[in-house]
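# Coordinate analysis (summary)
Chain by chain, the residues:
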Amino acid sequence: MPDTFYITTPIYYVNGEPHLGSTYTTTLADALARYHRLYGQDSRFLTGTDEHGDKVALMAAANDETPQQLADRVSGAFRAMWPRFDIAPDDFIRTTEERHKRVVQEILQKVYDAGDIYFGEYGGLYCVGCERFYTEKELVDGRCPQHGTVPQYIAEQNYFFRMGRYQEWLIGLLTEKPDLVRPEQYRRELLAFLREPLDDLCISRPKSRLTWGITLPFDENYVTYVWFDALINYVSALDYPDGDLYQRYWPSAQHLVAKDILKPHGIYWPCMVQAAGIPVYQHLNVHGYWTIGGFKGGKSDRSELQEAERQEALRLFRDPLALSGLLGVDGMRYCLLREMAFGNDLDFTRDLLVTRYNADLAHDLGNGANRAVSMINRYCGGVIPEPGQEFDVDRDLRDAAAAAPARVWAHVEAMEPSLALAEAIGLAQRVNRYLEDKKPWTAFKNGDIEGVGTTLYYAAETLGIAASLLLPAMPAKMTELRGALGLGAQPPSASGGWGYLDPGTPVAREARLFPTIERDSAAS
Ligand code: MSP
């Protein structure tokens, strides 16, 4: 395995603005890129926008704009939104860019030349929302299972990718590499799907029906089906096939998506790359939905929640800036990543995140840090004290702190972000218990200055390690905490070990990082 890490988000459709769902995925990708960097890997993070297809063309027409105007406007909104959450992608790709179109055409030509694309006729039920054909069996009461709309019957001549050829190969791959798609429930879902014969994939749209797309290199009367176009962003952004970026990062590629787009990523994309002679990604990481009252993005108004609570949840779901106004940017990042067990759905309410924020950030980490810093000011002249003799209770804390980086990393590698954060915040919880046990205020009264020094050194050192391990989730606040402990320019302590704090280094006067949030106060 190369010492690189390449993480991608889905490229978002430009027919809607960023919301909590896309913000969660993109925040997680950002935190993962930062974790891998913290642990010494050369990491790269890609996001972007998916701009072709029926949906965008229809919406632009409804808005009296050209598709390009719509794409420019909404893509710009996504690009401008991410930095507001301290999300720092290394690249932002748009499917209307030349660098992307060129690669799509190159891959199409390659697959065509290899004999895996043919011309044929197809009639089927088409959902514009999903931009794909459905079989009768997949519909629920004759309606699209995602959108609840009745699909249109469309019959036309088109180009097809011989995906069916790759069925056995893909079953073999999913069987031999059990963590290719994770968590396990999604690998099982794909294998269940592959028990039925795999149809070939229609990969074109006639220009008589849709012009907003990338022209097929071998027939100018057709544009490329939007999914065949969009998936290729993951390699076009690396300047496939000759770019240094491609050589460097593709071997470590991992995708991050929600379960709505499991099939294109778990079936179409591996078959496409195999046909084009490109190695398959290392992992497809699939998370669940944030729901409101049990429905994705609050799509239904059936709900058991109180109406006011549901309205508030919807408001915050649609306006992640309001959520960051409530919790702070770092608070929002932490709570989203900590609260959702990767792979499962989670019902979103304001209270869910506020409760998490108050418990973990305001109380455990915030109070813990402020207590330690205040006591260092009160009992040690405002500088990191010299540690003295170590007893069992001190050694236990040191062992836990020194072991934490490896434990956090194991969860990061296993794509268990909420457990990685639980492990890191667990150190702050331990520090609070340790201070209660050791009672440095009593030791100070009794004149045990060496004992006070040991306790406060151990507490501050453990908090410094916790801050480093939480940096990827909370870059600004944890930099602030490290600074308050006098850890400014030193390398973050992710390699294990102990003793990063130098006795004699001044600490801040106080560390008020996370003010408590009233459970019922209105979001700003
Ligand atoms: N354009 C395609 C993706 C092409 S990738 C080659 C697309 N775009 S999308 O705008 O619909 O974004 C879907 C993604 O947004 C999900 O996979 C997920 O990352 C995120 N989410 C959208 N709603 C969400 C929730 N309610 N909950 C969690 N994630 C959500 O599909």
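From a predicted model like this one, the values you see are computed outputs, not experimental measurements.

### Quick notes on the nonpolar core
- Counting 109 residues, the largest nonpolar core has Leu327 and Leu365 as its most contacted members.
- Broken down by element, this core gets its largest block of residues, 13 residues, from helix α14 (residues 350-380).
- Core analysis: the next-biggest nonpolar cluster, separate from the first, contains 61 residues, Leu180, Leu231, Leu238 and Trp269 among them.

### Remarks on the sheet that holds strand β10 (residues 204-206)
- With antiparallel pairing, the 3 strands of this open sheet are ordered in space as β10-β12-β11. Strands with a single pairing partner mark the edges of an open sheet, and in this sheet they are β10 and β11 (215-216).
- Inspection of the sheet shows β11 paired to strand β12 (residues 219-224) by 2 bridges, in the antiparallel sense. Bridging across to β12, Leu216 finds its partner in Asp219.

### Concerning the packing of helix α1 (residues 20-38) against helix α15 (residues 392-413)
- Two elements in contact, α1 and α15, have axes separated by 11 Å at closest approach and are oriented at 135 degrees. As the angle between them shows, α1 and α15 are arranged oblique. In this structure, α1 crosses over α15, and the sense of that crossing is left-handed. Of the residues in α15, those touching α1 at Leu32, Tyr35 and His36 are Val408, Trp409 and Val412.
- Of the residues assigned to the contact of α1 with α15, the class counts are 5 nonpolar, 1 polar and no charged.

### Focus on the sheet that holds strand β6 (residues 132-134)
- As summarised here, the arrangement of the 4 strands in space is β6-β5-β7-β9, forming an open sheet in which the pairing is antiparallel. This sheet does not close on itself; its edge strands, each paired only once, are β6 and β9 (201-202).
- Bridging between strand β7 (residues 152-161) and β9 involves 2 bridges; their strand directions are antiparallel. Note that in β9 the partner of Phe160 across the bridge is Cys202.
- Docked against the sheet, helix α10 (residues 262-276) engages β6, β7 and β9, running at close to 30 degrees with respect to β7.

### Focus: the side chain of Arg333
- Here Arg333 shows up in helix α13 (residues 329-339).
- Only 3.0 Å separates the side chain of Arg333 from the backbone oxygen of Asp86, close enough to count as a polar contact.
- When neighbours within four sequence positions are excluded, Arg333 is seen to be in contact with Thr27, Asp30, Ala31, Arg34, Phe85, Asp86, Ile87, Pro472, Ala473 and Pro475.

### Considerations on the site of the ligand
- In the vicinity of the ligand there are 24 residues, among which Ile11, Thr25, Asp50, Asp260 and Trp290 approach most closely.
- Contacts to the ligand include Ala258, whose backbone N or O atom sits 3.0 Å from an oxygen atom.
- Listed by contribution, the elements that provide at least two residues to the shell around the ligand are β2 (12-13), α1, α7 (226-231) and α8 (233-236).
- Of the residues belonging to the shell around the ligand, the class tally is 13 nonpolar, 8 polar and 3 charged.

What counts and what doesn't
Residues numbered from 1 in each chain as written. Predicted model: local features only at pLDDT ≥ 70, side-chain atom pairs only at ≥ 80, totals over all residues. Heavy atoms only, no water. Core = buried A, V, L, I, M, F, W, Y, C linked by side-chain atoms within 4.5 Å. Buried < 20%, exposed > 50% of the residue type's maximum accessible area, 1.4 Å probe, protein only. Helix = DSSP H or I, 4+ residues; strand = E, 2+ residues; numbered from the N terminus. Pairing = 2+ DSSP bridges. Axes fitted to C-alpha atoms, helices over the stretch in contact; angles between N-to-C directions. Parallel < 35°, antiparallel > 145°, perpendicular 65-115°, else oblique. Left-handed = near helix turned anticlockwise from the far one by under 90°. Contact = heavy atoms within 4.5 Å. Nonpolar A, V, L, I, M, F, W, Y, C, P; charged D, E, K, R; others polar. Polar contact = N/O pair within 3.5 Å; in protein donor to acceptor, adjacent residues only side chain to side chain. Near = heavy atom within 4 Å.

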